[in-house]
Amino acid sequence: MLRVVKWVLFTSALAASAQTQRPESKPGWPCVAGKTIDPSYVQVSEATGGQVFLFDRSEAGRSLVLVRNTSKHEDTIFRSTGTLSTGSREFSIPVDSTVESLMVSVSLQCLQSITVYRPGNTEVHGGEPDVDENRFKSGLILILAKPVAGPWRVRIAGIGMFFAVVTAKSSISVDRAEFVELAGRPGHEGLFPVKGPVRKGEQRTLSVALRAPAGDKHFRLVDLAGETLETLDLKPLFEDADQNEFSGAFVLKHSPFRLAVQGMDEAGYPYQRVLARTFEASP
């Protein structure tokens, strides 16, 4: 069974090359010319659904805000990892009416600004009621109680690698997603998790279990940046519309990827949930 790492902390884990070397503190860390973030940290975090955050050593004590709040916000709405070459980038975050608490956690290597906007284009500020704002040298952790439903936006500006994660305490979640295959003794066959790696070019069956309102569900594969790779045609396993188990077969074309599901909540607001960990397909 895969152990899910809920968070990953960076203190001074920069690597100038692929060669192994002992990390050391640098003036201005983590925004250091010619240095890149060790890709092994990123790979482990993405594969397990963890959280990369670029804390400076002087911020170690305050980093506990991420540890404390991650376990309180287990339902992922949005994830994006990538590199910002110049200027800014903006993400749209669909917050539905079931969200009791929202956590926005963004880290950017050479940070200029991170701004969060409510629906209606009003900027979130620390010190407001129900807002817990924690700013760091290279990031922001924002916890909002009872956020208003609607399209939120997160805008980042700066240069370098970024890690943007939005999670929630909510009644809607992706509880399980795994590749399965027909196995078992003759007369007792059933669908069981695939043993061993899956490979590109193979047709595989994906099984998904949700907690979600009744209604249409739309499934997508997304890349590490959160962009759509392809849509999936997953069918309910049971005729009962209240059952939230789905499966479908498709040819593996991408690696790594995540699963995202979208629908409408009972109040008519769009929701999105993303499986935090990635799937990997061998060549």
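Each remark here, short or long, concerns the structure printed above.
Read on for an overview of the structure. (Residues numbered from 1 in each chain as written. Predicted model: local features only at pLDDT ≥ 70, side-chain atom pairs only at ≥ 80, totals over all residues. Heavy atoms only, no water.)

**Structural notes on the state of the cysteines**
Reasoning step 1: All told, the structure shown has one disulfide when counted by the stated rule.
Reasoning step 2: Between the sulfur atoms of C31 and its disulfide partner C110 the distance amounts to 2.1 Å. With the S-S dihedral at roughly 100 degrees, the linkage between C31 and C110 falls on the right-handed side. Here C110 lies in strand β7 (residues 101-117) and C31 lies in the loop between β2 (14-15) and β3 (36-37), a separation of 79 residues in the sequence.
Reasoning step 3: With relative accessibility at 40%, the residue C31 sits in the partly exposed group. (Disulfide = S-S within 2.5 Å. Helix = DSSP H or I, 4+ residues; strand = E, 2+ residues; numbered from the N terminus. Buried < 20%, exposed > 50% of the residue type's maximum accessible area, 1.4 Å probe, protein only.)

**Some words on the packing of aromatic side chains**
Reasoning step 1: Applying the stated criterion across every chain yields a total of nine aromatic pairs.
Reasoning step 2: One aromatic cluster in this structure is built from F179, F250, F257 and F279.
Reasoning step 3: In this structure, R153 is placed above the aromatic ring of Y117, and the distance from its NZ or CZ to the ring centre is 4.3 Å.
Reasoning step 4: Across the ring face of F279, the terminal group of R277 is positioned such that the distance to the ring centre comes to 4.6 Å. (Phe/Tyr/Trp six-rings, centres within 6.5 Å; stacked < 30°, edge-to-face > 60°. Lys NZ or Arg CZ within 6 Å of the ring centre and 35° of its normal.)

**As for the pattern of salt bridges**
Reasoning step 1: Scanning all chains against the criterion turns up 14 salt bridges.
Reasoning step 2: Measuring nitrogen to oxygen at the nearest pair gives 3.6 Å for the salt bridge that ties E227 to R89. With E227 in the loop between β15 (218-222) and β16 (228-232) and R89 in strand β6 (residues 88-95), this residue pair connects regions lying 138 residues apart in the sequence.
Reasoning step 3: Across the salt bridge formed by K169 and E100, the nearest N and O atoms sit 3.8 Å from each other. Note that K169 is positioned in strand β10 (residues 150-169) and E100 in the loop between β6 and β7, a separation of 69 residues in sequence.
Reasoning step 4: Three or more residues joined by partner-sharing salt bridges are found here, namely E46, R79 and R258. (Salt bridge = Lys/Arg side-chain N within 4 Å of Asp/Glu carboxyl O.)

**A look at helix α1 (residues 39-48)**
Reasoning step 1: For α1, the full list of buried residues reads V42, S45, E46 and T48.
Reasoning step 2: Residue G49 follows α1 closely and has a positive phi angle near 80 degrees.

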